[in-house]
Amino acid sequence: MTEINATAASLLGFLHDGPLTGWDLVARAEQTIGPFWSLTKSQVYRELAFMAEHGLVEPGEAGRRDRRPYSITDQGRAAFAQWAARGPGEGTIRLPLLLFVTLGRHLEPGLLRRVLVEQRAAQARLLSEYLSYRRAAAEAAGGAVVVDAHLLATLEYGIAVARATVRWIDRMPPGIVD
C-alpha cells in the first residue's frame, strides 16, 4: 500500500465528498484549512500526479480550460484510512512571529513594536472573521442546514488561538516593545 503524507491526506479527505479539479481543491484548502495548513497550487498538482500514478485518485475527462476532475479510488480510501490510523503525530509549530520576538533584541529599535502592532491587528481581523463564520454557521443550523461539526470544532480552535494571540500581544512586557 502507498503511504501518503498529510498534504495528500488532506486532498483525499476533500475528495471523499466527490470529484474535484485541482483548482477546486486549492480553493477548498484555502477556505477550510488555509489558516492553519499551508498548501500551494504546485503542491496540489504534484500530489494529484503522484496519487494518480499510484492509483489513489482517478482523473476524469478534461473540461473547460483543461480542468480535470479527480475522484478518490478504493485504494485512495484505504491509503487515507491508513494515514488516519497513524494519527496526526507530533505537531510542529512554525510561527514566524514567535521567532521574530525571540530574536527581537537583534532588531532595529521600534521594528518589533511595529510588527506586534501589525500582528495584533491581523489577529483581531482573523478573530472577527472566525466569529462571523461561527454566527453564519449557527444561523444556517437554525435554518435546518447541516453544519459540519468537525469544521466547527476546528473553527473554535482558530477562535481560541486568535484570542490568545491578541491577549499575548496586549500583555507583552514593556522591555520587549520599547
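Per-chain numbering applies: the sequence of each chain, read as written, is numbered from 1 onward. Side-chain atom pairs in this predicted model are given and counted only at pLDDT of 80 or more, local residue features only at pLDDT of at least 70, and totals for whole chains, interfaces and linings cover all residues. Side-chain measures were taken over the full set of non-hydrogen atoms in the model, leaving aside hydrogen atoms and water.

### Let's talk about the overall build of the protein chain
- For the protein chain, the count of helices and strands is eight helices and three strands.
- Labels follow the DSSP assignment, with helices taken as runs of H or I lasting at least four residues and strands as runs of E lasting at least two, numbered in each case from the N terminus. Helices and strands appear in the protein chain in the N-to-C order α-β-α-α-β-β-α-α-α-α-α.
- The quantity called the radius of gyration is restricted to C-alpha atoms. Its globule counterpart is 2.2 Å times the number of residues to the power 0.38. For 178 residues, the compact-globule estimate of 2.2 N^0.38 gives 16 Å, and the protein chain exceeds it by more than 25% at 20 Å.
- Oriented by its inertia axes, the alpha-carbon framework of the protein chain measures out at about 60 × 45 × 35 Å.
- Note that accessible areas follow from Shrake-Rupley with a 1.4 Å probe, and for residues the cover is restricted to the protein chains shown. A total of about 11,800 Å² of accessible surface is found on the protein chain, and carbon and sulfur atoms cover 56% of it.
- By the counting rule applied here, Lys and Arg register as positive and Asp and Glu as negative, while His and the ends of each chain are not counted. To locate a charge, the coordinates of NZ of Lys, CZ of Arg, CG of Asp or CD of Glu are taken. Between the centroid of the 20 positive side chains of the protein chain and the centroid of its 19 negative side chains there is a distance of 7 Å.

### Points about the pairing of strand β3 (residues 69-72)
- Partly exposed residues are those whose accessible area sits between 20% and 50% of the maximum for their type, while under 20% is buried and over 50% is exposed, using a 1.4 Å probe and protein chains only. In β3, alternate side chains face the same way, and those of Y70 and I72 are buried while those of P69 and S71 on the opposite face are not.
- When DSSP finds two or more bridges between a pair of strands, those strands are recorded as paired. Across two bridges, strand β1 (residues 20-21) lies against β3 in antiparallel orientation. Bridged to L20 within β3 is Y70.
- Both strand β2 (residues 57-59) and β3 contribute to a ladder of three bridges, which runs antiparallel. Paired with V57 across the bridge in β3 is I72.

### Examining a nonpolar patch on the surface
- Taken together, the side chains of I93, L95, L98 and W168 make up a nonpolar region of the molecular surface, amounting to roughly 400 Å² of accessible area.
- The topology assignment puts I93 in the loop between α4 (74-86) and α5 (96-102).
- On the basis of relative accessibility, which here comes to 67%, the residue I93 falls in the exposed class. Patch definition: residues above 30% relative accessible area lacking any salt bridge, with like charges linked at up to 9 Å and the nonpolar side chains Val, Leu, Ile, Met, Phe, Trp and Tyr linked at up to 5 Å. We define a salt bridge as a contact between a side-chain nitrogen of Lys or Arg and a carboxyl oxygen of Asp or Glu at a distance within 4 Å.

### Overview of the nonpolar core
- The term nonpolar core refers to a set of buried residues drawn from Ala, Val, Leu, Ile, Met, Phe, Trp, Tyr and Cys, joined through side-chain atoms within 4.5 Å. By size, the foremost hydrophobic cluster in this structure holds 21 residues, and its most contacted members are I4, L15, L25, V44 and M51.
- Elements with a contribution of two residues or more to this core: α1 (6-15), α2 (22-32), α3 (41-53) and β3.
- Among the elements that line this core, the one with the most residues is α1, at six residues.
- Excluding its chain neighbours within four sequence positions, the residues that come into contact with I4 are A9, L12, L56, A79, F80, W83 and R86.
- Among the nonpolar cores identified, the runner-up in size contains eight residues, and L97, L116, M172 and V177 belong to it. The contact definition used throughout considers only heavy atoms, calling two residues in contact when any of these lie within 4.5 Å.

### Things to note about the sheet that holds β1
- Taking strand neighbours across the sheet as the criterion, the three strands line up as β1-β3-β2 in an open arrangement whose pairing is antiparallel. The open sheet has two edge strands with one neighbour each: β1 and β2.
- Comment: axis = line fitted to C-alpha atoms, over the contacting stretch for helices; angle = value between 0 and 180 degrees taken between N-to-C directions. This element, α1, spans β1, β2 and β3 of the sheet and lies at about 90 degrees to β3.

### Here we look at the pattern of salt bridges
- Using the criterion set out here, one finds four salt bridges in the structure.
- In this structure, the salt-bridge partner of D170 is R120, at a minimum N-O distance of 2.5 Å. Of this pair, D170 sits in helix α7 (residues 149-170) while R120 sits in helix α6 (residues 111-142), and the two are 50 residues apart along the sequence.

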